[in-house]
Amino acid sequence: MANASKILVTCPPMLGMIENFRSDFAKSNLEATAAQVTQVMSEDELIELLPEFDGWIIGDDPATSQVLEAGVNGKLKAIVKWGVGVDNVDFDAANRLNLKSANTPGVFGKEVADLAMNYVSGLARQSFRIDREIRLNATWPKPAGVSLSGKNVGLVGFGDIGRNTAKRLAAAELNLFVYDPYYKAQDGIEAQQRQWPDGLSEMDFLVFTAPLTPNTHHMLNKENVTRLKPGVRIVNVGRGPIIQEEALIEGLENKRIHSVALDVFEQEPLSPDSPLRDYPDNIFGSHNGSNTVDAVERVSRQTIVMIAEMLASG
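Fair warning: this is a prediction, and the values are worked out from it, not measured in the lab.

What counts as what
- Residues numbered from 1 in each chain as written.
- Predicted model: local features only at pLDDT ≥ 70, side-chain atom pairs only at ≥ 80, totals over all residues.
- Heavy atoms only, no water.
- Axes fitted to C-alpha atoms, helices over the stretch in contact; angles between N-to-C directions.
- Helix = DSSP H or I, 4+ residues; strand = E, 2+ residues; numbered from the N terminus.
- Parallel < 35°, antiparallel > 145°, perpendicular 65-115°, else oblique.
- Left-handed = near helix turned anticlockwise from the far one by under 90°.
- Contact = heavy atoms within 4.5 Å.
- Nonpolar A, V, L, I, M, F, W, Y, C, P; charged D, E, K, R; others polar.
- Patch = residues over 30% accessible without salt bridge, like charges linked within 9 Å, V, L, I, M, F, W, Y side chains within 5 Å.
- Areas by Shrake-Rupley, 256 points an atom, 1.4 Å probe, with all protein chains shown as cover.
- Salt bridge = Lys/Arg side-chain N within 4 Å of Asp/Glu carboxyl O.
- Lys, Arg positive; Asp, Glu negative; His and termini not counted.
- Charge placed at Lys NZ, Arg CZ, Asp CG, Glu CD.
- Buried < 20%, exposed > 50% of the residue type's maximum accessible area, 1.4 Å probe, protein only.
- Polar contact = N/O pair within 3.5 Å; in protein donor to acceptor, adjacent residues only side chain to side chain.
- Pairing = 2+ DSSP bridges.

Student: Whenever I open this one, the packing of helix α6 (residues 109-125) against helix α8 (residues 160-171) confuses me. Can you help?
Tutor: The geometry of a pair of packed helices is captured by two quantities: the angle between their axes and the separation between those axes. Interaxial distance between α6 and α8 falls to 8 Å at its minimum, and their mutual angle equals 45 degrees. When the interaxial angle is binned, α6 and α8 end up oblique. When the axes of α6 and α8 are compared, the crossing they make is right-handed. Contact with α6, carried on its side by Gly109, Lys110, Val112, Ala113, Asp114, Ala116, Met117 and Val120, involves Asp160, Ile161, Asn164, Thr165, Arg168 and Leu169 of α8 and no other residues of that element. Its residues placed into classes, the contact of α6 with α8 shows seven nonpolar, three polar and four charged.

See below:
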């Protein structure tokens, strides 16, 4: 048997269960190295490390032109982006370098939608704040929440995650408005299409599921925050830079925004001194929306097969 191809794994959910996949790597004649990383590796770290490997399973690391060039100047022949979002990977550079590349689209819609719905409900009923106060302060708070039924929700993005989120929002009897130029009606889901930022003053909730592109970067900014309905609750399970955090903070400070639930941030991890931490109704995640045992097992095994086939094809 030929020598095993060396694979660098930098995707945190996969790293958290890496021992579960050792036999899958071995069956494909791959030798996996688990990177020591919490969220992402730096460009400098990758430029130094990557040339030693034949393949790379990427998380949210900066797979820039410089990083990929360094890899190709070594042994690197194939890369797979674990998951859906590809804004961190320079696929144009990969093509220019004749580096085989792929991602795994359409794999986490249900899981991320589950979290989005959890955040909508959590903001509506302040359940996360109640839990924290009972645990940390031994108090017995009873804040009055808001009902979901009949409220207006603006859903930003209608890809796989957005469509699955729409099903859950509709089940909770929210009035659904979709901000996506490529929106197509979905069976069983009543929704109206809106052009961003029209109608923001009518929305009780905003839920962002969109990918990061030049058109979505900072689409919720200081100007658009002034259009929001006072007391709006905002969820982001898409990409952090879709929302300008400085604008969020101003909106929270002047009480136009009631609270936010963010699984993603402009800078990750969230800084210990971020002003976002000062608002007790806010909910924070750790860019972990896709991370269920079931999803990680399914997509990791898919990714291993993909990179093995890419390397075997020469």
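Student: I'm lost on a negative patch on the surface in this one. Help?
Tutor: Side chains of Glu43, Asp44, Glu45, Glu48 and Glu52 sit close together on the surface and give a patch of like negative charge. Secondary-structure assignment places Glu48 in helix α3 (residues 43-49). Classification of Glu48 as exposed rests on a relative accessible area of 66%.

Student: Honestly, the environment of Asp204 in this entry has me stumped. Any pointers?
Tutor: Here Asp204 shows up in the loop between β8 (191-194) and β9 (205-208). Along the chain, Asp204 and Pro230 lie 26 residues apart, while their C-alpha atoms are 8.4 Å from each other. Excluding anything up to four places from it in sequence, Asp204 contacts Lys151, Asn152, Lys229, Gly231, Val232 and Arg233. Within polar-contact distance, the side chain of Asp204 engages the backbone nitrogen of Asn152 at 2.8 Å. A polar contact is formed between the side chain of Asp204 and the side chain of Lys229, at a distance of 2.7 Å.

Student: Looking at this structure, I do not really get the sheet that holds strand β1 (residues 5-9). What am I missing?
Tutor: Strand pairing in a sheet relies on backbone hydrogen bonds. The paired strands run either parallel or antiparallel. Reading across from one edge, β2-β1-β3-β4-β5 is the order of the five strands in this open sheet, with parallel pairing throughout. Every interior strand has two partners, whereas the edge strands, β2 (30-34) and β5 (100-103), have only one. Across the sheet, the mean angle from the axis of one strand to that of its neighbour is 20 degrees, orientation sign disregarded. With four bridges joining them, strand β4 (residues 78-81) and β5 adopt parallel strand pairing. In the sheet register, Ala78 faces β5, and the bridge partner there is Lys100.

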